[in-house]
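Given next are the chains, with one letter for each unit.
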Amino acid sequence: MPELPEVEHVKRGLEPYVVGERIVSVQFSEQVKKSHAGGKQAIVKGADLADFSEYVKNYKISRINRRSKYLLFHMENETTEGILLSHLGMSGAWFAIDSVEQITEEKFRNHVHVIFTFESGRLLIYSDIRRFGEMRFLEKLEDHPPIIAIGPEPFDENAQELFLASLNLRKFHSKPVKDVIMNHQVIAGCGNIYATEALFKSKIHPNRTVSRVGLGKRIELFHNIVSVLQEGIDAGGSSISDYRNVNGQAGSMQDRLQMYGKKECPLCGANVKQAVIGGRNSHYCGKCQR
Ligand SMILES: [Zn+2]
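Described in the following lines is the structure provided in the data block. Bear in mind that the values here come from a model prediction, so they are computed numbers and not experimental data.

### Comments concerning the sheet that holds strand E6 (residues 92–97)
What the 4 strands build is an open sheet, ordered E1-E7-E8-E6; its pairing is antiparallel. Every other strand in the sheet has two partners, leaving strand E1 (23–28) and E6 as the edge strands with one partner each. Direction aside, neighbouring strands of the sheet carry axes that sit 15° apart on average. Direction of pairing for E1 relative to strand E7 (residues 112–118): antiparallel, over a ladder of 5 bridges. Within E7, the residue paired with Val 26 across the bridge is Phe 116. The strands touched by helix H1 (residues 4–18) within the sheet are E6, E7 and strand E8 (123–128), with E6 carrying the most contacts at an inclination of about 25°. With respect to the sheet, helix H3 (residues 49–56) is in contact with E1 and E7, its orientation differing from that of E1 by roughly 160°.

### Overview of the coordination of the zinc ion
For the zinc ion, the full set of protein donor atoms is Cys 265 (SG), Cys 268 (SG), Cys 285 (SG) and Cys 288 (SG), at a range of 2.2 to 2.4 Å. If you look at the zinc ion, its 4 donor atoms make angles of 101 to 114° with each other, and the shape they trace is tetrahedral. In the primary sequence, the donor residues of the zinc ion line up as C-x2-C-x16-C-x2-C. Placement of Cys 268 in the loop between helix H9 (215–234) and strand E10 (273–277) and of Cys 288 in the segment after strand E11 (280–284) is noted, with a sequence separation of 20 residues between them.

### A closer look at the packing of helix H6 (residues 159–167) against H9
Put simply, H6 and H9 touch, their axes get as near as 10 Å, and they point 130° apart. With respect to each other, H6 and H9 are oriented oblique. At the point where H6 passes H9, the crossing takes the right-handed sense. Contacts between H6 and H9 involve Ala 159, Gln 160, Phe 163, Leu 164 and Leu 167 from the former and Leu 215, Arg 218, Ile 219, Leu 221, Phe 222, His 223 and Ile 225 from the latter. Looking at the contact of H6 with H9 residue by residue, the classes come out as 9 nonpolar, 2 polar and 1 charged.

### A few points about the pattern of salt bridges
Scanning the model with the defined rule gives 14 salt bridges in all. Lys 57 is the partner of Glu 54 in a salt bridge, and the nearest nitrogen-oxygen pair spans 3.4 Å. Judged by its relative accessible area of 52%, Glu 54 is exposed. Take Lys 57: its relative accessible area is 29%, and that puts it in the partly exposed class. A salt bridge links Asp 143 to Lys 140; its shortest N-O distance comes to 2.9 Å. Within the structure, one salt-bridge network assembled from shared partners comprises Glu 8, Lys 11, Arg 12, Glu 15, Arg 66, Arg 67 and Glu 153.

### Re the pairing of strand E9 (residues 134–138)
Every other side chain in a regular strand lies on the same face of the sheet, so the side chains alternate between the two faces. Within E9, 5 of the 5 residues are buried, which leaves it mostly tucked inside the rest of the structure. Going residue by residue along E9, you find Glu 134, Arg 136 and Leu 138 tucked away on one face and Met 135 and Phe 137 tucked away on the opposite face as well. Relative to E9, strand E2 (residues 43–44) runs parallel, the two being bridged by 2 bridges. Bridge assignment links Ile 43 to a residue of E9, and that residue is Glu 134. Two elements, strand E5 (residues 81–87) and E9, share 5 bridges in a ladder whose sense is antiparallel. Residue pairing across strands places Leu 85 opposite Arg 136, the latter belonging to E9.

### Notes on the sheet that holds strand E3 (residues 60–67)
Strands sit in the order E2-E9-E5-E4-E3 across an open sheet of 5 strands; the sheet is mixed. Bordering the open sheet on either side are E2 and E3, each of which pairs with just one other strand. The pairing of E3 with strand E4 (residues 70–76) spans 7 bridges and is classified as antiparallel. Directly across from Arg 63, in E4, lies its bridge partner His 74. Helix-sheet contacts for H3 involve E2, E4, E5 and E9, and the interaxial angle to E9 is about 60°.

### Details of the layout of surface pockets
When its volume is computed, the largest pocket comes out at roughly 150 Å³. Taken together, 13 residues make up the lining of the largest pocket; nearest its centre are Met 1, Lys 69, His 184, Gly 191 and Arg 280. Split by residue class, the lining of the largest pocket holds 5 nonpolar, 5 polar and 3 charged. Taken together, domain 1 (4–148) and domain 2 (159–284) each give at least three residues to the lining of the largest pocket, which thus spans both.

### Description of the side chain of Glu 8
Its location among the elements puts Glu 8 in helix H1. A polar contact is formed between the side chain of Glu 8 and the side chain of Arg 12, at a distance of 2.8 Å.

Conventions adopted
Residues numbered from 1 in each chain as written. Predicted model: local features only at pLDDT ≥ 70, side-chain atom pairs only at ≥ 80, totals over all residues. Heavy atoms only, no water. Pairing = 2+ DSSP bridges. Helix = DSSP H or I, 4+ residues; strand = E, 2+ residues; numbered from the N terminus. Axes fitted to C-alpha atoms, helices over the stretch in contact; angles between N-to-C directions. Contact = heavy atoms within 4.5 Å. Donors = N, O, S within 2.8 Å, 3.2 Å for Na, K, Ca; no water. Tetrahedral: all angles 85-135°; square planar, octahedral: opposite > 155°, others 65-115°. Parallel < 35°, antiparallel > 145°, perpendicular 65-115°, else oblique. Left-handed = near helix turned anticlockwise from the far one by under 90°. Nonpolar A, V, L, I, M, F, W, Y, C, P; charged D, E, K, R; others polar. Salt bridge = Lys/Arg side-chain N within 4 Å of Asp/Glu carboxyl O. Buried < 20%, exposed > 50% of the residue type's maximum accessible area, 1.4 Å probe, protein only. 1 Å grid on protein atoms, 1.4 Å probe; cavity = no way out; pocket = protein on both sides within 12 Å on 5 of 7 lines; lining within 4 Å. Points joined across faces, edges and corners; volume = space filled by probe spheres on them. Domains from an automatic or database assignment. Polar contact = N/O pair within 3.5 Å; in protein donor to acceptor, adjacent residues only side chain to side chain.

Right, here's the structure in full:
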């Protein structure tokens, strides 16, 4: 599943190719059309396909930013502004290329679901093997409450302060720390892979309750969350699942992971343990993490 670093990488990869481009038409796959005809709204949410096409047509993409794991394409035309919001779900991928045939990997080429054609002739293509991704057109961000509820971006100046304030909330005291740092209202974009790594670096057992993590450890944990996310961005994301960047290349963060998906602890050599915490499978070292 693409996490914050992967989405950040998609954003950076797309920027030079799509900013300044004007959308002239949109096409949808047969599966998306069938789903919408059956009232299920696969991928394109909050509007029927004809309305969605009308909304985005003639808009020029003015900039792209990322909020947690959402990509936001900010758009403008002569009179109004709008936002195309995209979430990659389990296996979404964007390609900015000249034709579908240029997608080198078959599994992505065979699962193209939305194609935006630009005035320049270039295409912006959304591919999604499992179709859990979503996109929607918004007049303004406030129209989509889930994105307004998201906590601070880890790289924001006030993120540590807000993170520590959240951990002080009574409702989190008896919860496993891993569960809480993966809550996007506490900190944006810390998914399973990066939460696992940050806890290992901090030598904190993922199941330890928040009340039993002292202030010093909470600060250390915050810094490790930021550093593993930054490392993920620098490595171009990880390619454990179906994530690929804009040019179809895989990131290399998976080679730098120390605990996620490992069998042996790199510090002490003990067998890595697994447990389901907060509904997610968690890897940890029972000796190094307390
Ligand atoms: Zn260990």
